[in-house]
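Residue-level structural notes
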Amino acid sequence: MNSLIRATARCLRPGSAVYLTRQADTRMCLTPGQRFLCSATGIKKDLAEIVKKDKVVVFMKGDPSQPMCGFSNAVVQILRMHGVDDYASYNVLEDQRLRQGVKDFSNWPTIPQVYFNGEFVGGCDILLQMHQNGDLVEELEKLGIRSALVDTENKSK
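Residues numbered from 1 in each chain as written. Predicted model: local features only at pLDDT ≥ 70, side-chain atom pairs only at ≥ 80, totals over all residues. Heavy atoms only, no water.

Within the protein chain one finds seven helices and nine strands. Taken over 157 residues, the protein chain has a buried fraction of 39%. The contacts in the protein chain between residues at least 6 apart in sequence include a share of 50% that link residues at least 24 apart. Approximately 9200 Å² of the protein chain is accessible, and the part contributed by carbon and sulfur atoms is 49%. (Helix = DSSP H or I, 4+ residues; strand = E, 2+ residues; numbered from the N terminus. Buried < 20%, exposed > 50% of the residue type's maximum accessible area, 1.4 Å probe, protein only. Contact = heavy atoms within 4.5 Å. Areas by Shrake-Rupley, 256 points an atom, 1.4 Å probe, with all protein chains shown as cover.)

Take a look at the structure:
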């Protein structure tokens with residue numbers, strides 16, 4: 001019981017992630033003091049809620065301030081170039097169940113994974129292709145997000 005109390009206290013501390021385990025129902029803290037995922041039977045349901053909660057959601061290795069792989073870094077940089085700074089990100093390296101759960105949820109084998117308004121967009125390669133062919137500007141516009149590249153392009157004309 002004391003370990004459960006200590007783990008809960010650590011989870012509420014900013015900047016820490018703690019995993020709380022019970023026999024029948026496993027819970028983990030994704031964002032300290034904010035979001036919990038049930039990884040036993042309801043992970044798909046929880047992931048469905050998470051991807052719909054924010055306009056842009058990224059499951060990545062690391063976090064936007066310190067990506068831990070080149071592909072995750074590329075997604076962060078593409079979003080940054082478009083001026084998208086307000087998005088939810090989840091570090092899949094913090095828990096193997098989240099990492100596998102999001103792959104199963106999307107039926108996509110790689111990380112990072114990007115969602116717009118609860119819809120799976122794809123990974124780094126697809127986001128890069130959308131950026132290169134201009135589709136990303138249109139998709140962001142559908143979300144009510146004006147791409148910073150549109151403003152830059154207008155200034156150069």
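Below, the discussion takes up the confidence of the model for the protein chain. On average, residues of the protein chain carry a pLDDT of 80, and 70% of them reach 70 or more. Taken as a whole, residues 1-36 scores under 50 in pLDDT and shows 61 contacts with residues more than four places along the chain or in a different chain. (pLDDT = per-residue confidence, 0-100.)

Mapped onto the secondary structure, Lys 142 falls in helix α6 (residues 135-142). C-alpha separation for the pair Lys 142 and Phe 116, spaced 26 residues apart in sequence, amounts to 9.5 Å.

Glancing now at the side chain of Ser 72. Along the chain, Ser 72 falls in helix α3 (residues 70-81). In this structure the side chain of Ser 72 is engaged in a polar contact, spanning 3.0 Å, whose partner is the backbone nitrogen of Lys 61. The contacts of Ser 72, once residues within four sequence positions are left out, are Met 60, Lys 61, Pro 67 and Pro 112. (Polar contact = N/O pair within 3.5 Å; in protein donor to acceptor, adjacent residues only side chain to side chain.)

What tends to happen in soluble globular proteins is that the nonpolar side chains get buried as a cluster. The biggest cluster of nonpolar side chains holds 19 residues, and the ones touching the most others in it are Val 56, Val 58, Leu 79, Phe 116 and Leu 127. Those elements that place two or more of their residues in this core are β4 (56-60), α3, β8 (113-116), α5 (124-133) and α6. Take this core: its biggest share by element is four residues, from α3. Look past the residues within four positions of Leu 127 in its chain and what remains in contact with it is Val 75, Ile 78, Leu 79, Val 114, Phe 116 and Leu 136. One finds Leu 47, Leu 98, Ile 111 and Tyr 115 within the second-largest nonpolar core, a separate group that totals 13 residues. (Core = buried A, V, L, I, M, F, W, Y, C linked by side-chain atoms within 4.5 Å.)

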